[in-house]
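Working through the structure, step by step
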Amino acid sequence: MNTTTSTTSEWQPRYSPWLIALPVMLATFMVFLDTSIVVVALPYVAGNLGATRDESTWVLTSYLVSSAIMLPASAWFASYFGRKRFLIGCTIVFTLASLLCGMASSMTMLVISRVLQGVGGGAMQPLSQSILLESFPPNQRGLASALFGVGLVVAPIVGPTLGGWLTDEYSWRWTFFINLPVGLLALFLMLRFVEDPPYIRANRPGKIDGLGFGLMALWLGTLQIFLDKGQDEDWFSSVWIRGLAITSIVSFIGFIVRELRTDHPIVNLRVYKDRNFTVSNVLFALFGFVIFALITLQPLFLQSLLGYTAFTAGLSVTPRGLGALIALFSVGALVSRVNPKFLAGLAFAMLGISSFMMSQLSLQMSPSSVVWANIISGLGNSIFVPLTVLAIGTLANDQIGNSLSILNLIRTIGGSVGLSYVSTMLARYSQAHQAMMVEHFSSSNLSYQHHLRSAQILLERHFNPTDALIRAHDLLYRALLQQASYWSFVNIYFVIACVCLFCVLCVFTFKTPQKVQAVTVGE
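Quick look at the overall build of the protein
Scanning the protein from terminus to terminus reveals 22 helices and zero strands. Counting only contacts in the protein whose residues sit at least 6 apart along the sequence, the fraction spanning at least 24 positions is 83%. Of the accessible surface of the protein, which amounts to about 22,100 Å², a share of 66% is contributed by carbon and sulfur atoms.

Below you can see the structure in the form of structure tokens.
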């Protein structure tokens with residue numbers, strides 16, 4: 001056993017892991033909450049700052065771009081500055097940027113502030129996860145993963161509901177101001193309880209790989225903008241979208257070549273030689289795809305087709321958070337006793353069952369119809385815990401921090417692809433169903449003529465026969481559009497269920513780690 005491994009395995013923090021978990025979880029929850037809480041406030045932001053709908057979406061895009069760039073580089077910066085010092089710095093940047101966002105007087109100021117928020121928030125995710133996993137003893141590290149999972153899974157579920165309430169009752173600015181007391185409390189507790197282990201304090205990384213960082217930033221920045229703006233610009237029919245795609249591909253290839261050839265990469269890609277880590281990357285990407293697609297679809301379905309308010313639609317998702325809380329801590333306790341492959345497969349199966357249940361809903365549904373589907377989906381969100389164990393359980397001790405940064409990035413990219421897929425395919429599927437259904441709007445179709453005549457008779461009570469006929473045509477066409485949109489949701493839910501089935505099969509390609517509890521840095 002090498003010196004670093006021995007030193008780290010014997011090290012224990014001076015304070016209780018639960019005291020360390022409190023500031024780390026506050027910061028984690030704050031960051032993950034911020035990815036979703038602002039979504040419902042965008043129309044109010046645009047109206048208040050005199051921006052168009054397309055311009056207001058840069059509030060989301062700017063944050064996602066800077067956050068994605070910082071994710072994989074966080075391990076190197078933590079080694080260079082010290083993990084505690086870097087985490088505190090990121091928390092200060094995120095909290096101050098939240099204040100600037102709430103005070104923004106123009107869209108330009110808000111977007112710049114969101115970039116700063118992403119710089120701080122992106123690095124806080126893997127740093128918090130590393131600190132949690134390392135602070136707990138080996139037999140409780142599944143529980144540590146569950147704690148991180150609370151922020152990862154529950155915060156995006158709570159975000160739209162909380163954002164809708166703050167916007168309706170106060171102002172969109174409070175979706176940012178709410179971070180200030182949380183950030184200040186987290187800072188105080190970090191200064192008091194968080195500490196660096198010996199191997200972090202003794203680490204002396206070399207000069208930063210500037211070229212590699214630049215290529216990575218270019219790749220991730222152009223990829224994120226491509227995914228966020230592609231649907232608005234009709235994808236490859238737009239010249240600048242094609243330019244973004246080409247730039248992203250070229251910079252990605254350059255980044256891979258650079259990181260494999262340099263002696264001091266900013267992201268160590270050689271970790272992909274491990275089969276478990278490679279398979280987990282695929283599954284983490286698909287997990288991000290599934291979870292963000294599901295979180296987006298249900299409120300959109302209820303608002304666009306059933307007329308729910310943003311707050312009510314957000315409330316309908318809360319049973320998913322309840323299921324996630326129950327499952328995360330249950331699985332966190334079980335993961336060291338039960339084969340994590342079984343737990344991961346079961347969790348993906350639950351996500352698939354939930355998606356299939358949602359595909360069976362109708363336009364006559366009540367709010368209670370989605371409760372069980374959401375609870376089952378929440379139980380499936382526990383996939384994060386066993387998947388993390390499988391991902392890094394076969395890696396060397398000094399590879400864990402770098403690997404967690406990569407996994408968080410892959411999950412984020414998967415989530416961005418999921419959001420892009422939902423926005424694109426809702427429109428495409430709806431157009432396809434509309435084209436098929438409109439063929440039945442014909443004078444030779446007896447069913448159509450019967451419904452048209454029935455609608456006309458009802459409307460003639462308030463309008464003359466000519467106006468009633470026109471309005472009857474319009475009424476039936478709007479019903480067609482609603483049905484076309486409904487079936488597009490059904491199609492996407494079914495696709496997600498199939499993706500989950502594929503993930504269940506992929507789980508069996510993992511090698512079971514010899515010590516499934518060894519989910520830590522330097523154990």
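Describing the packing of helix α7 (residues 107–135) against helix α20 (residues 400–437)
Where α7 meets α20, the closest approach of the two axes is 9 Å, and the angle between their N-to-C directions is 130 degrees. Comparing their axes, α20 and α7 come out oblique. For the pair α7 and α20, the sense of crossing is right-handed. Packed against α7, whose contacting residues are Gln 125, Pro 126, Gln 129, Ser 130 and Leu 133, the element α20 presents Gly 401, Leu 404, Ser 405, Asn 408, Arg 411 and Thr 412 at the interface.

Comments concerning the environment of Pro 23
By the secondary structure assignment, Pro 23 is in helix α2 (residues 17–37). The buried category is assigned to Pro 23, whose relative accessible area is 0%. Spatially, the C-alpha atom of Pro 23 lies 9.6 Å from that of Arg 192, the residues being 169 residues apart in sequence. Pro 23 has contacts with Ala 186, Leu 189, Met 190 and Val 194, leaving out every residue within four places of it along the chain.

Things to note about α7
Every α-helical turn comprises 3.6 residues, leaving residues that sit three or four positions apart pointing alike. Between its first and last C-alpha, α7 extends 41 Å over 29 residues, near the 42 Å set by a 1.5 Å rise per residue. Bending of α7 peaks at approximately 30 degrees at the position of Met 124, with proline Pro 126 no more than four residues after it. The buried count for α7 comes to 23 of 29 residues, which makes it a mostly enclosed element.

Thoughts on a nonpolar patch on the surface
A grouping of Val 93, Leu 100, Ile 112, Val 115, Leu 116 and Val 119 is seen on the molecular surface, where their side chains present a nonpolar patch of about 410 Å² in accessible area. Elements with a minimum of two residues in the nonpolar patch: α6 (83–103) and α7. A total of four residues in the nonpolar patch trace back to one element, the largest contributor, which is α7. Summarising the element assignment, Ile 112 is placed in helix α7.

As for the packing of aromatic side chains
Per the counting criterion, the structure on display carries 17 aromatic pairs. Between the aromatic rings of Tyr 170 and Trp 174, the centroid separation amounts to 6.3 Å while the plane-to-plane angle is 50 degrees, which identifies the pairing as tilted. When its relative accessible area of 54% is taken as the criterion, Tyr 170 is described as exposed. Residue classification places Trp 174 among the partly exposed positions, given a relative accessible area of 44%. Ring centres of Tyr 272 and Phe 277 lie 5.2 Å apart, and the angle between their planes is 65 degrees; on these two criteria the pair is classed as edge-to-face. In this structure an aromatic cluster arises from ring pairing among Phe 77, Phe 81, Phe 86 and Phe 213.

Section: the nonpolar core
Formed by 148 residues in total, the largest nonpolar core has its most connected members in Leu 110, Leu 283, Phe 287 and Phe 348. With 16 residues, the single largest contributor to this core is helix α14 (residues 275–306). In this structure Phe 287 touches Leu 152, Val 153, Phe 348, Leu 351, Asn 381, Ile 383 and Arg 411, once residues within four positions along its chain are discounted.

A word on the side chain of Ser 359
One can find Ser 359 in the loop between α17 (340–358) and α18 (371–380). A distance of 2.5 Å separates the side chain of Ser 359 from the backbone oxygen of Phe 356, its partner in a polar contact. Setting aside anything within four residues of it in sequence, one finds Ser 359 in contact with Val 490, Tyr 493 and Phe 494.

Structural notes on the confidence of the model for the protein
Residues with a pLDDT of 70 or more make up 90% of the protein, whose mean pLDDT is 80. Mean pLDDT values for the elements of the protein range from 44 in helix α1 (residues 3–10) up to 91 in helix α13 (residues 239–261). Ignoring residues within four places in sequence, the model shows residues 1–9, a span with pLDDT below 50, making twelve contacts including any to other chains.

Points about unusual backbone geometry
Of note in this structure, Asp 234 is not a glycine but carries a positive phi near 60 degrees. Tracing the backbone shows Asp 234 in the loop between α12 (210–229) and α13. Overall, the relative accessible area of 43% leaves Asp 234 in the partly exposed class. Notably, Trp 235 is not glycine yet its phi reads approximately 50 degrees, a positive angle. Tracing the backbone shows Trp 235 in the loop between α12 and α13. The class of Trp 235 is buried, set by a relative accessible area of 14%.

Notes on the side chain of Ser 248
Summarising the element assignment, Ser 248 is placed in helix α13. Those residues in contact with Ser 248 that lie beyond four places of it in its chain are Trp 219, Thr 222 and Leu 223.

Digging into the state of the cysteines
Applying the stated criterion across every chain, the model contains zero disulfides. We note that Cys 498 lacks a disulfide partner, and the nearest cysteine sulfur, in Cys 500, lies 9.2 Å from it. In this structure Cys 498 comes out as partly exposed when scored by relative accessible area, which is 39%.

As for the packing of α2 against helix α10 (residues 179–193)
It is at 8 Å that the axes of α2 and α10 come closest, and there the two elements cross at 150 degrees. Judged on the interaxial angle alone, α10 and α2 are roughly antiparallel. Both α2 and α10 take part in a crossing whose hand is left-handed. Two secondary-structure elements touch here, α2 through Leu 19, Ile 20, Leu 22, Pro 23, Leu 26, Ala 27, Met 30 and Asp 34 and α10 through Asn 179, Val 182, Gly 183, Leu 185, Ala 186, Leu 189, Met 190 and Phe 193.

Reading the values: the criteria
- Counting of residues starts from 1 at the beginning of each chain's written sequence and follows it residue by residue.
- Reporting in this predicted model follows two pLDDT cut-offs: at least 70 for local features of residues, and 80 or more for side-chain atom pairs to be given and counted; totals over whole chains, interfaces and linings ignore these cut-offs and use all residues.
- With hydrogens and water excluded, all non-hydrogen atoms of the structure serve as input to the side-chain values.
- Helix and strand assignments come from DSSP, with helices taken as H or I runs of at least 4 residues and strands as E runs of at least 2, each series counted from the N terminus.
- In what follows, residue pairs with any heavy atoms lying within 4.5 Å of each other are defined as contacts.
- Note on areas: these come from Shrake-Rupley sampling with a 1.4 Å probe, and a residue is covered only by the protein chains present in the view.
- Orientation is described by axes fitted as lines to C-alpha atoms, over the contacting stretch for helices, and by angles from 0 to 180 degrees between their N-to-C directions.
- The cut-offs work like this: below 35 degrees is roughly parallel, past 145 is roughly antiparallel, 65 to 115 is roughly perpendicular, and the gaps in between are oblique.
- Crossing chirality is assigned from the near helix's rotation relative to the far helix, an anticlockwise turn below a right angle marking it left-handed and a clockwise turn marking it right-handed.
- Under the scheme applied here, a residue whose accessible area is under 20% of the maximum for its type counts as buried, over 50% as exposed, and between as partly exposed, the area being computed with a 1.4 Å probe on protein chains only.
- Each residue after the first adds 1.5 Å to the expected span of a helix.
- Bend at a residue means the angle formed by two fitted axes: the first through the 7 residues ending at that position, the second through the 7 residues beginning there.
- For patches, a residue must show more than 30% relative accessible area and have no salt bridge; joins then use 9 Å for like charges and 5 Å for nonpolar side chains, namely Val, Leu, Ile, Met, Phe, Trp and Tyr.
- Put simply, a salt bridge is a Lys or Arg side-chain nitrogen that is within 4 Å of an Asp or Glu carboxyl oxygen.
- Two aromatic rings, drawn from Phe, Tyr or Trp (for Trp, its six-membered ring), form a pair once their centres lie within 6.5 Å of each other, and the interplanar angle then sorts them: stacked below 30 degrees, edge-to-face above 60, tilted otherwise.
- Side-chain atoms within 4.5 Å are what join buried Ala, Val, Leu, Ile, Met, Phe, Trp, Tyr and Cys residues into a set we call a nonpolar core.
- Distance and chemistry together define a polar contact, namely a pair of N or O atoms within 3.5 Å, with one atom able to donate a hydrogen and the other to accept it when in protein, and with adjacent residues in sequence counting only for side-chain atoms on both sides.
- Each residue carries a pLDDT score, the predictor's own confidence in it, on a scale running from 0 to 100.
- Criterion for a disulfide: a pair of cysteine sulfur atoms at a distance within 2.5 Å.

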